[in-house]
Amino acid sequence: MILWTDDTAAAYAALTASGAPALAAPHRWRDRLLIAWTADPDSNPIQIVQQL
């Protein structure tokens, strides 16, 4: 699943602070996107994405 947001870092911080697993911290991808990874309660990966 991909979750598009205006602020990947803030979304990732809020999700992990509320107990979601931290799979990959926010990082640039191809100089166009800022992405991070977490997971839902069933361990399905969720990609949090922001256009730069």
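Provided above is the structure to which this section pertains.
Computed from a predicted model, the values in this text were never measured in an experiment. (Residues numbered from 1 in each chain as written. Predicted model: local features only at pLDDT ≥ 70, side-chain atom pairs only at ≥ 80, totals over all residues. Heavy atoms only, no water.)

A.B. asks: What am I meant to see in helix α1 (residues 8-17) here?
C.D. replies: Side chains that are three or four residues apart share a direction in an α-helix, a result of its 3.6 residues per turn. Buried residues of α1: Thr8, Ala11 and Tyr12, and no others. Viewed end-on, α1 has its buried residues packed into an arc of 100 degrees, placing them on one side of the element. In this fold, the buried residues of α1 make contact with β2 (24-29), β3 (33-39) and β4 (45-51). The N-cap of α1, judged by a side-chain oxygen 3.4 Å from the amide nitrogen of Ala9 a few residues on, is Asp7. Phi turns positive, to about 110 degrees, at Gly19, one or two residues after α1. (Buried < 20%, exposed > 50% of the residue type's maximum accessible area, 1.4 Å probe, protein only. Helix = DSSP H or I, 4+ residues; strand = E, 2+ residues; numbered from the N terminus. Arc of directions from axis to C-beta. Contact = heavy atoms within 4.5 Å. Polar contact = N/O pair within 3.5 Å; in protein donor to acceptor, adjacent residues only side chain to side chain.)

A.B. asks: Looking at this structure, I do not really get the sheet that holds β2. What am I missing?
C.D. replies: Adjacent strands of a sheet pair through backbone hydrogen bonds, lying either parallel or antiparallel. A sheet is described by the order of its strands in space; here four strands give the open sequence β1-β4-β3-β2, paired in mixed fashion. Either end of the sheet is taken by a strand with one partner, and the two such strands are β1 (2-4) and β2. Neighbouring strand axes in the sheet, compared pairwise and without regard to direction, differ in orientation by 25 degrees on average. Where β3 and β4 come together, seven bridges link them in antiparallel fashion. The partner of Ile35 across the bridge, within β4, is Val49. With respect to the sheet, α1 is in contact with β2, β3 and β4, its orientation differing from that of β3 by roughly 10 degrees. (Pairing = 2+ DSSP bridges. Axes fitted to C-alpha atoms, helices over the stretch in contact; angles between N-to-C directions.)

A.B. asks: I tried to follow the environment of Asp6 on my own but got confused; where do I start?
C.D. replies: One can find Asp6 in the loop between β1 and α1. A relative accessible area of 75% places Asp6 in the exposed class. Expressed as a C-alpha distance, the spacing of Asp6 and Leu52, which sit 46 residues apart in the sequence, is 9.2 Å.

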